[in-house]
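Read off the chains here:
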Amino acid sequence: MKATSITNHEKIFFETGKDSDGKEFVLTDMTVPIKGANQVMPYVYCRPKNGDTSFYYQEENIKTQIVLHYTAGYLKGDVAALSKPTREVSTPFIIARNGKILNLWSSAYWSYHLGSGAIGGNTNGGKRTIAIEMSNIGFLKKINNQLVTVYSDTDVYCDISEKQFYTKLDSPYRGELYYATFTKKQYNSLLLLLSYLTAEYNIPKTFLPEDKRYGVVKENELVNFKGIVSHVNYRSFGKWDIGPAFDWKKIIEGLK
C-alpha cells in the first residue's frame, strides 16, 4: 500500500469498525485521567462486536515494564492480527498513524507478544509487561527509485523523493537501511500513553542506555529492568521493532 493511501485506509476502519478479516468491532471514544498530571488521555475503546475475549488472558499481574513494538502492517490488518480468536497473541494498545490510541483489552491483563525464544520467556515476559504496537510497515527495500514493503517487490510504499515517508539510516540496522517513518501524531499519542501507564502502574520513566537500546540484553538485566524497552531487546533476530529509525530522543525528553 502506498503511504499516501494510509489516511483513507484508517478512515474506513474508524467508520466501519471492520478489520481486514471482516471482524466487526464496537468503537467508543473515551478519555481517562493521567494520575499526578492535569491531563487526560483520549483513546478508542475497541471491542469485538461478538464479545470475543479469547485472544488474551483475563488474569491480572504486576507490571514492571512497557515494551514498544511496530506492527509491520496497516491498521485493519493490525487489528485483525492482534485479535485472532483463541490465538492469545495480542497487545492492549495499537496507535494508529492518525494518532488514535486503540484499546483492545485491559492493560492489567496479558497476552503473548514477545514470541517463542524471547529472553526470559514468552509467558513470564507477557505477564509482567505491557505492550504497545505502533502501526507502521517497518523496513523498506529500495528498487530503482522506489521503496517497497517486505510483502512484495511490487508493493510500492513511496518514491525515494518522498522523504517525509521514510528514514534512511547512516548504516544498516539488522541489515536494513530504510524504515517507514512514524507520524507526529503517533509520537504525541505515545507520550500520553506512556505517561498514563507509568503513572497507573508505577513504572519508572527510564530507558536502556543507547549502547544497549537496539540489541538483546542479558537475561538477568532485562528481566529485572523496570521501565521502557522494545521488542528487539528480547529477540536477537527476526525482529526490527523498534530500532534507531525511531525518534527515541523525542520520547525520552518528552517524558521528563
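As the structure is a prediction and not an experimental result, all values here were calculated from the model. (Residues numbered from 1 in each chain as written. Predicted model: local features only at pLDDT ≥ 70, side-chain atom pairs only at ≥ 80, totals over all residues. Heavy atoms only, no water.)

Attention now moves to the overall build of the chain. When helices and strands are counted, the chain shows 7 helices and 12 strands. Relative to the compact-globule value of 18 Å for 256 residues, the chain shows a C-alpha radius of gyration of 17 Å, a close match. The dimensions of the chain, computed from C-alpha atoms along their principal axes, are 50 × 45 × 40 Å. Out of the 256 residues in the chain, the part that is buried amounts to 51%. A fraction of 63% describes how many contacts in the chain between residues 6 or more apart in sequence connect residues 24 or more apart. For the chain, the exposed surface amounts to about 12,000 Å²; the carbon and sulfur share of it is 49%. In the chain, 32 positive and 26 negative side-chain charges are present, and the distance between their average locations comes to 2 Å. (Helix = DSSP H or I, 4+ residues; strand = E, 2+ residues; numbered from the N terminus. Rg over C-alpha atoms; globule rule 2.2 N^0.38 Å. Buried < 20%, exposed > 50% of the residue type's maximum accessible area, 1.4 Å probe, protein only. Contact = heavy atoms within 4.5 Å. Areas by Shrake-Rupley, 256 points an atom, 1.4 Å probe, with all protein chains shown as cover. Lys, Arg positive; Asp, Glu negative; His and termini not counted. Charge placed at Lys NZ, Arg CZ, Asp CG, Glu CD.)

The subject of this paragraph is the sheet that holds strand S9 (residues 156-159). One open sheet accounts for 5 strands, arranged S9-S8-S7-S11-S10; its pairing is antiparallel. Both outer strands of the open sheet, S9 and strand S10 (166-173), are each paired with one neighbouring strand and no more. Between one strand and the next, the sheet's axes are offset by a mean angle of 40 degrees, whatever the strand orientation. (Pairing = 2+ DSSP bridges. Axes fitted to C-alpha atoms, helices over the stretch in contact; angles between N-to-C directions.)

A few words now on the pairing of strand S2 (residues 40-48). When strand S1 (residues 25-33) meets S2, the two strands line up antiparallel, connected through 9 bridges. Paired with Thr31 across the two strands is Pro42, which belongs to S2. The turn linking S1 back onto S2 is made up of 6 residues, and Gly36 within it adopts a positive phi angle of 75 degrees. Across 2 bridges, S2 lies against strand S5 (residues 101-103) in parallel orientation. Looking at the pairing, Val44 lines up with Leu102 of S5.

Moving on, we come to the sheet that holds strand S3 (residues 65-70). Pairing in this open sheet of 7 strands is mixed, and the strands run S1-S2-S5-S4-S6-S3-S12 from one edge to the other. The sheet is open, and its two edges are formed by S1 and strand S12 (227-230), each paired on a single side. Here the average twist between neighbouring strands, direction ignored, is 30 degrees. Alignment of S3 against strand S6 (residues 129-134), held across 6 bridges, turns out to be parallel. From the neighbouring strand, Gln65 faces S6, where its bridge partner is Thr129. On the sheet, helix H4 (residues 184-200) packs against S1, S2, S3, strand S4 (93-95), S5, S6 and S12 and is oriented at approximately 170 degrees with respect to S6.

What follows concerns the environment of Thr28. Relative to the assigned elements, Thr28 resides in strand S1. Residue classification places Thr28 among the partly exposed positions, given a relative accessible area of 33%. Linking Thr28 and Phe14, residues 14 residues apart in sequence, is a C-alpha distance of 10.0 Å. If we skip the residues at most four places from it in the chain, Thr28 touches Tyr43, Val44 and Tyr45.

What follows concerns the packing of H4 against helix H7 (residues 248-255). Between H4 and H7, the least distance of the axes is 10 Å, while the angle of their chain directions is 40 degrees. The orientation of H4 with respect to H7, classified from their angle, is oblique. In terms of crossing hand, the pair formed by H4 and H7 is right-handed. Here Tyr187, Leu190, Leu191, Leu194 and Ser195 of H4 come into contact with H7, specifically with Lys250, Ile251, Gly254 and Leu255. (Parallel < 35°, antiparallel > 145°, perpendicular 65-115°, else oblique. Left-handed = near helix turned anticlockwise from the far one by under 90°.)

Take the pattern of salt bridges next. Tallied over the entire structure, the rule returns 9 salt bridges. One salt bridge in this structure joins Lys23 and Asp19, with 2.6 Å as the shortest N-O distance. The exposure class of Asp19 is buried, given its relative accessible area of 5%. Across the salt bridge formed by Asp153 and Lys141, the nearest N and O atoms sit 2.8 Å from each other. Of this pair, Asp153 sits in the loop between strand S8 (146-148) and S9 while Lys141 sits in strand S7 (residues 139-143), and the two are 12 residues apart along the sequence. Using a relative accessible area of 40% as the deciding quantity, one classes Lys141 as partly exposed. (Salt bridge = Lys/Arg side-chain N within 4 Å of Asp/Glu carboxyl O.)

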